[in-house]
Amino acid sequence: MYNFHKKFFVVLLAVILISLNFLSMLVSANTSGSSVDRLMSVIKSINTTKMTSEDEAEVTLTVTGTPRPTTTIKPNDIILIIDKSGSMSYDNRLEAAKNAAKEFIDLLDLTKHRVGIVDFSDTSSTFPLTTDANTAKAYVNQITLGGSTNTGDAVRKATALLANHRPDAQPTILILTDGAANDFEDAKQSAAIAKNAGIVFYSIALLAPNEDPNQSAPNALLKEMATSATHHHFVLGSVGLPDIYKKIVQEMGLASAYNVTITDTVASQFEIVTGSYRDNIPKPIVNGNTLIWKITELKADQLTFKYKIRLKSSTATGSYLLGTTQTEYYDHEAKPYSFNTSNPTVTVTYKSPSITSVQPSKGLTSGGETVTIKGQNFSQRTKVYFGSYLATVQSISPNEISVLTPIGSQGSVTVKVQNEDGKYATDTFTYYATPTISSVTPNEGPITGGNKIAVIGSYFMKGAKVYINNKLATSEFATSSKVYAIVPSSDVPGKVTISIENPDGTTAEFRNAYNYLAPPPTPAVQLDSITVTSGNLNGGDQVYIIGANFDKNMKVYFGDREALINYYANSSKVRVSTPIYANPGFVNVKVVNPDGSSDELQNAFEYLSPPSAPAPQITSLTPAEAMIGEQKLVYIFGKNISSRAKVYFSGTEASMTFITTSKIRVITPTSIISPGSVDVTIVNPDGQSGTLSNGFTYIVPVPDPLPVINSLSNTKGSVTGGNLVNIHGQNFKKGIQVYFGDRQATVTKFISSNEIEVRVPPSSSADLVDVKVVNPDSHEASLNDAYTYEGLQPTIASLSPNSGSKAGGNYVYIFGKNFNGKMTVTVDGQVVAYTYLSTDRIRIRMPSSDTTKTVDIVVNRDGLSSTAKYMYY
């Protein structure tokens, strides 16, 4: 993956005001309320039924859509936004995104839907809405990398393309990205404008394989840009991307409800906790105690909206209805519906006591110690319990209680402060007793450890740790007077201290409690014989070493070279592979144990000289001839060929690739210019050679015929290019180049030597041009005045504003497509100057008008024009 801050956006536009039909309303009481019909439901709940003045409660709205039958699929006009910025080169993301976009196009039912494309980096390019899947996929194929991530511009271009969507179609955007937008606020604002215009907004975040989606800023941005939380998806490292596109295609045109507005008003006894609703997708509009959620399209999914409330200081005790909740929506035929959701009841109670500290937080099991409990809301008849035992209260105030502890058992107990109304608060207190060690059995063992001992004493606790000579031992609790431990190893023999540490931090120690016994001396290693006494200088001979007291980590040497031990049989037998040696002759064999003991056999192994290699031979060449000046791939067969051999054709060295000792591959030299047969020679590194006389023949090449152009399958097209044209003629070769005027075309298919298919390049202007072909051998042919570039039709999509004062002087932005800096613009027949901003936007200053009237604004390019109406008032 490469570093960059670019994102791939695939944007699905959906949501004209669509409506959902109501069947019935369900209401439940107590802690939650719901309203349900066959299209959608809203259930309201709260996480508590009782509150005090210091509490915050969480309110949840669960919004559920009901699947629509597939017979009610609504047509969609969809724009895919494809990020081609530099970061899309990571992990081949752009290709993954392009493949996913093409799969998406293939899955769409283009008898109902249309699809268009916006590809962007610093700037954006567009492809208009179409039902031609092949043309759309061809446009996706030509998208290339480069630039930064101008997300806001891409969304605005997509919104402009959808300005003239079909009246019965839902405008939809599907956006996919792998990085942060250049400007987050601009991206969010452009998405908000699109959603306010009735466009359904899907988003997919393409994250790194190990990226945390909950901590990802780009993922949070795309989630906020989406129509709802269920309209947002993410993938890690592109895994699962096709499945997400398939899911989106399957739900395209299907929704439970459209243009849903949920108005939730909290009762006046409560107030909304500021910011507690910020994580909702979409975010609500908050006005005082009212929250309003607007959902352009509700799928057959479940959305959850949460916020928190607290009591107002003026609220008295009692029971209160949480508020009112009303939902309005439309079905797919734009019919309006509304319903109310029942609200839960909340009971306001008195304050409960609370504990802030218990000091001291631990005491002896015998009890009778003074403990101070601090907190709030204590009453004069408050009782204090330590576990199940009642403590003696010495003094009490609203914020502090002094008690004498009752007796207890080792460990943690609950301290409970209970007021006379039954409300209580809890904390913890730890009872402890000082442990003792009286004996250890057995009290000695090997220095290597591993044996089990019992530590005897009193007041041991479950989970107690045993340390032997300050080393933590593996232990097992038996009773409060016995703990078992596995003795760890020691570096030196002698008596050591054993200590116990309880989980509550109390400790006991017993000095000289355990004696580590010294180990017996290790016997010296002994080498008696070897099973093989000679071998090759290249090593690798398998030899058994026979002796006594071999350690598993021993080393074996042949002379000064260490041998590889590949099998340890036992302490008296190992197998080794002999090491490589430089010179023939006898060497000593030596064994060394890790403790330093060693043994050696003098002149025990002889390294033998290798036999001399035979001379190379050549038996045949395939093929055995080539054109003069041609680089030919030739296989040479024979025997005794070295991997470092050299090959000569009539004394000129050829490039060689070694395959086996009987087969090599060469590329014939091009410096031989005379026809005829030549000798072929192989020379091994040892100087021995083999020659095949007249083994290879050079022949004179036959000149290639000239290419000819007869006709074109199509002789005209738009200046934008991109259309496919078949060229008919003779003597075309693979690798041929094609030019329309001075612009090179792309050869998309080499059909035969008489026909090729090309994609016409774009032209800067309408023109009649020659068509030329150039073969790889530089032979060329032309067909004069063969292709006509036709002008590009400009289109006006909208004016902003589309009316103004007859005094003139105001600026008007003209939105559309196919604009350039060489057009003519007229207002009511009068030519006016304009400012070229982009291919889809220009700006003019309106002239004055003598009367109030509606006039034509006309944009003309290459003789083709488009008109829009403007009203003077």
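A quick note: this is a predicted structure, and the numbers were derived from the prediction, not measured.

A. The confidence of the model for the protein, seen in detail. Summary statistics for the protein give a mean pLDDT of 89 and a share of 94% for residues scoring 70 or more. Predicted confidence is poor over residues 1–37, with pLDDT under 50, and the contacts of this stretch with residues over four places away or in other chains come to 222 contacts.

B. Seen up close, the sheet that holds strand 65 (residues 811–817). Across the sheet, which stays open at both edges, the four strands sit in the order 63-65-69-68 with antiparallel pairing between neighbours. Each having just a single partner strand, strand 63 (795–800) and strand 68 (834–838) make up the two edges of the open sheet. Averaged over all pairs of adjacent strands, the angle between strand axes in this sheet comes to 25°, irrespective of strand direction. Sheet analysis places strand 65 next to strand 69 (residues 841–845), joined by five bridges and oriented antiparallel. In the strand pairing of strand 69, Tyr811 is matched with Arg845.

C. Spatial organisation of the pairing of strand 70 (residues 854–861). Residues Val855, Ile857, Val859 and Arg861 of strand 70 are buried on one face, while the alternating residues Thr854, Asp856, Val858 and Asn860, pointing to the opposite face, are not. By the bridge criterion, eight bridges tie strand 70 to strand 71 (residues 864–872) in an arrangement that is antiparallel. Bridge pairing links Val855 to Tyr870 in strand 71. Turn length for the strand 70-strand 71 hairpin, with the two strands adjacent in sequence and antiparallel, is two residues, and the turn residue Asp862 shows positive phi of about 55°.

D. Quick peek at the environment of Ile673. Tracing the backbone through its elements, the reader meets Ile673 in the loop between strand 52 (663–667) and strand 53 (676–683). Classification of Ile673 by relative accessible area gives exposed; the value is 67%. Each C-alpha atom of the pair Ile673 and Val700 lies 9.0 Å from the other, and the pair is 27 residues apart in sequence.

E. Representation of the pairing of strand 26 (residues 392–397). Of the pairings in the sheet, the one linking strand 26 to strand 27 (residues 400–404) comprises five bridges and is antiparallel in character. Considered in strand 27, the bridge of Ser397 is made with Glu400. Counting the residues that bridge the hairpin from strand 26 to strand 27 gives two residues.

F. A look at the packing of aromatic side chains. Across all of its chains, the model carries 18 aromatic pairs by this definition. Look at Phe429 and Tyr431: their rings are 5.2 Å apart centre to centre, the planes differ by 80°, and that puts the pair in the edge-to-face class. Its relative accessible area of 1% is what places Phe429 among the buried residues. Take Tyr431: its relative accessible area is 1%, and that puts it in the buried class. Measuring from centroid to centroid gives 5.2 Å for Phe605 and Tyr607, while their planes differ by 75°, and the two rings are edge-to-face. The exposure classification of Phe605 matches that of Tyr607, with both residues buried. Joined through ring pairs, the aromatic side chains of Phe558, Tyr581, Phe605 and Tyr607 make up one cluster. The aromatic ring of Tyr432 is capped on one face by Lys362, whose charged end is 5.6 Å from the ring centroid. Against the face of Tyr739 rests Lys772, its NZ or CZ located 5.3 Å from the ring centre.

G. A look at the packing of helix 3 (residues 151–161) against helix 4 (residues 184–196). Running from N to C, helix 3 and helix 4 cross one another at 15°; their axes reach a closest spacing of 7 Å. The pairing of helix 3 with helix 4 is recorded here as roughly parallel in orientation. Crossing angle aside, the handedness with which helix 3 passes helix 4 is left-handed. Residues Thr151, Gly152, Asp153, Val155, Arg156 and Thr159 of helix 3 touch helix 4, and the partners they reach there are Asp186, Ala187, Ser190, Ala191 and Ala194. Tallied by class, residues from the contact of helix 3 with helix 4 come to four nonpolar, four polar and three charged.

H. Representation of the nonpolar core within the structure. The biggest cluster of nonpolar side chains holds 33 residues, and the ones touching the most others in it are Leu80, Phe104, Leu174, Ile204, Tyr245 and Ile248. Secondary-structure elements contributing two or more residues to this core are strand 6 (76–83), helix 1 (93–107), strand 7 (114–120), helix 2 (133–141), strand 9 (170–177), strand 10 (200–207) and helix 6 (241–251). The leading source of residues in this core is helix 1, at six residues. Judged by nonpolar contacts, the second largest core, of 32 residues, contains Val59, Ala267, Leu291 and Trp293.

I. Spatial organisation of the sheet that holds strand 27. Here we have four strands laid out as an open sheet, ordered 21-23-27-26, and antiparallel in their pairing. In this open sheet, the two edge strands, each paired with only one partner strand, are strand 21 (354–359) and strand 26. Taken over all neighbouring pairs, the strand axes of this sheet differ in orientation by 20° on average, direction set aside.

Cut-offs used in this document
- Residues numbered from 1 in each chain as written.
- Predicted model: local features only at pLDDT ≥ 70, side-chain atom pairs only at ≥ 80, totals over all residues.
- Heavy atoms only, no water.
- pLDDT = per-residue confidence, 0-100.
- Contact = heavy atoms within 4.5 Å.
- Pairing = 2+ DSSP bridges.
- Helix = DSSP H or I, 4+ residues; strand = E, 2+ residues; numbered from the N terminus.
- Axes fitted to C-alpha atoms, helices over the stretch in contact; angles between N-to-C directions.
- Buried < 20%, exposed > 50% of the residue type's maximum accessible area, 1.4 Å probe, protein only.
- Phe/Tyr/Trp six-rings, centres within 6.5 Å; stacked < 30°, edge-to-face > 60°.
- Lys NZ or Arg CZ within 6 Å of the ring centre and 35° of its normal.
- Parallel < 35°, antiparallel > 145°, perpendicular 65-115°, else oblique.
- Left-handed = near helix turned anticlockwise from the far one by under 90°.
- Nonpolar A, V, L, I, M, F, W, Y, C, P; charged D, E, K, R; others polar.
- Core = buried A, V, L, I, M, F, W, Y, C linked by side-chain atoms within 4.5 Å.

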